[in-house]
Amino acid sequence: MLAYTTTGSGPALVLLHGFPLTRAIWADQIADLGQRYQVIAPDLPGHGQSAPLSGDAPPTMARMAQEVLALMDFLGIDHAAVAGHSMGGYVALALLKLAPQRVTGLGLVASQAHPDSPEAAAGRRATAQKVLAAGAGIVADSMGPKLFAPGVLGDASIRRQTDAMMRATPVQGVYDALLAMADREDMRDLLGTVRVPSLIVAGAEDAIIPAERIQDMTARLPAAALVTITGAGHMPMLEAPEATSAALAHWLGNVYVPTAQSRSTNASSPSINRGDGRQ
Ligand code: MLT
């Protein structure tokens, strides 16, 4: 079972962190959104306090998504709005593909539906081998300078916190995630099938996810809102926590539309907006 934090009550929101990080990146959003929703933030397999994927099968985004579904089962959550940061977005898309009926809303934060190019995938596999010999520090060394918009580079505490998270990620978790990302599916066509409210949050200065990929995803998603956060890079939930929470809150307001009855009797029993007129 994945390690997780759950806060609040009401309709469910699952927040998935990126690579090689932990659920701690969502601390502000958990506090903000936990006032209206049940927020569940797991550590993905091999990250934070969660054990790596077990068995001999190759690591994949689908296997990580299955672990998230197992956590939802354990918590008795049939369906949830699912938002993922970067690699967490890849897992969210895999989860949507596996179990669309369990996803009431899709949120992609500094993420993408595009697969790796063959060169990028080869680079990831080479890095995975190096991590086995040299440890997770080599990933922190190469990713650290790309994570934040230049203005935030001066914010020592955010940088220190993120660097420590990356360096503490177990080698097996980093290795598996690199292979799973290298082999991940092209999810662009899946976007056109999404019938639930979706949100794309982009950092205007993200050095990892190209802006044209964000535009392409927005065009493909039938009911998407794009929120571009000025002054943020790849880590908008840390660089601009209030703006990120506000974007998520607005999206959740579209996912869980309060009915007249729930407004007057019970604020935590709204209906689900599936984005196709059905509820
Ligand atoms: C992440 O932040 O999860 C990674 O940068 C994703 C990636 O490398 O594709």
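### With respect to the site of the ligand
Inference 1: Inspection of the region around the ligand gives G18, F19, S86, M87, Y90, R124, M143, M181, I208 and H234 as its neighbouring residues.
Inference 2: Measuring from an oxygen atom of the ligand, one finds a side-chain N or O atom of S86 at 2.8 Å.
Inference 3: Coverage of the ligand by the protein amounts to 93% of the 270 Å² it exposes when considered alone.

### A few points about the pattern of salt bridges
Inference 1: Within the structure shown, the criterion is met by 11 salt bridges.
Inference 2: With a closest N to O distance of 2.6 Å, R125 and D183 form a salt bridge. One end of the pair, R125, is in helix 4 (residues 118-134); the other, D183, is in the loop between helix 7 (171-182) and helix 8 (188-191), with 58 residues separating them in the sequence.
Inference 3: In this structure R125 comes out as partly exposed when scored by relative accessible area, which is 36%.
Inference 4: Taken together, the shared-partner salt bridges in this structure form one network comprising D116, R124 and R184.

### Considerations on the sheet that holds strand 4 (residues 80-85)
Inference 1: The 7 strands lie next to each other as 1-3-2-4-5-6-7, forming an open sheet whose pairing is mixed. Every interior strand has two partners, whereas the edge strands, strand 1 (4-7) and strand 7 (224-229), have only one. On average, adjacent strands in this sheet sit at an angle of 15° to one another, irrespective of strand direction.
Inference 2: Taken together, the 4 bridges between strand 1 and strand 3 (residues 38-42) define a ladder with antiparallel strand orientation. Bridging across to strand 3, T5 finds its partner in A41.
Inference 3: Running over the sheet, helix 11 (residues 241-255) touches strand 2 (12-16), strand 4, strand 5 (103-109), strand 6 (198-203) and strand 7 and is turned about 150° from strand 4.

### Examining the confidence of the model for the chain
Inference 1: Taken residue by residue, the chain gives an average pLDDT of 93. The fraction at 70 or more is 91%.
Inference 2: Considering only residues more than four positions removed or in separate chains, one finds that residues 265-269, a stretch of pLDDT under 50, has 5 contacts.
Inference 3: Note that residues 275-279 has pLDDT below 50 and, in this model, 7 contacts with residues that lie over four places away or in other chains.

### Considerations on the environment of L33
Inference 1: Of note, L33 is situated in helix 1 (residues 27-33).
Inference 2: For L33, a relative accessible area of 3% translates into the label buried.
Inference 3: C-alpha of L33 to C-alpha of P145: the two residues are 112 residues apart in sequence and 29 Å apart in space.
Inference 4: The contacts of L33, once residues within four sequence positions are left out, are L13, V39, S245, L248, A249 and L252.

### Regarding the nonpolar core
Inference 1: Counting 87 residues, the largest nonpolar core has L15, F19, M87 and W251 as its most contacted members.
Inference 2: Residue contributions to this core peak at 8 residues, all from helix 3 (residues 87-98).
Inference 3: Ignoring sequence-local partners within four residues, the contact set of F19 consists of H47, M87, V139, M143, V174, A177, L178 and M181.

### Here we look at the packing of aromatic side chains
Inference 1: Taken as a whole and judged by the stated rule, the model has 1 aromatic pair.
Inference 2: A ring pair is formed by Y37 and Y256, whose centres lie 6.0 Å apart and whose planes are at 35°; its orientation type is tilted. Here Y256 lies in strand 8 (residues 256-257) and Y37 lies in the loop between helix 1 and strand 3, a separation of 219 residues in the sequence.
Inference 3: Here the basic side chain of R184 rests over the ring of Y90, its NZ or CZ set 4.1 Å away from the ring centre.

Conventions we followed
- Throughout this description, residue numbers start from 1 for each chain and increase along the sequence as written.
- Predicted model: local features are reported for residues with pLDDT of at least 70 only, side-chain atom pairs are reported and counted for 80 or more only, and whole-chain, interface and lining totals are derived from all residues.
- Side-chain measures here rest on the full set of heavy atoms in the structure, leaving out hydrogens and waters.
- We define proximity as follows: a residue is near a molecule or strand when any one of its heavy atoms falls within 4 Å of that partner.
- For this analysis, a polar contact is any N or O atom pair within 3.5 Å, provided that within protein one partner can donate a hydrogen and the other can accept it, and provided that sequence-adjacent residues contribute only side-chain to side-chain pairs.
- Each accessible area value is a Shrake-Rupley result obtained with a 1.4 Å probe; residue values ignore everything except the protein chains displayed when judging cover.
- By definition, a salt bridge exists where a carboxyl oxygen of Asp or Glu is found within 4 Å of a side-chain nitrogen of Lys or Arg.
- Comment: elements are numbered from the N terminus, with helices defined as DSSP H or I runs of at least four residues and strands as E runs of at least two.
- Here the term buried applies to any residue with accessible area under 20% of the maximum for its type, exposed to any over 50%, and partly exposed to those in between, with areas from a 1.4 Å probe on protein chains only.
- Should DSSP find at least two bridges between two strands, the strands are regarded as paired.
- Note on definitions: angles span 0 to 180 degrees between N-to-C directions of axes, and those axes are lines fitted to C-alpha atoms, for helices only across the stretch in contact.
- Pairs of residues are marked as contacts when any of their non-hydrogen atoms sit within 4.5 Å.
- Predictor confidence is given residue by residue as pLDDT, running from a minimum of 0 to a maximum of 100.
- Only buried residues count toward a nonpolar core. Its members are Ala, Val, Leu, Ile, Met, Phe, Trp, Tyr and Cys residues joined through side-chain atoms within 4.5 Å.
- Under the pairing criterion, centres of Phe, Tyr and Trp rings, with the six-membered ring standing for Trp, must be within 6.5 Å; the plane angle then separates stacked pairs below 30 degrees from edge-to-face pairs above 60, leaving the rest tilted.
- Look at NZ for Lys and CZ for Arg. If either is within 6 Å of the ring centre and within 35 degrees of the ring normal, a charge sits over the ring.

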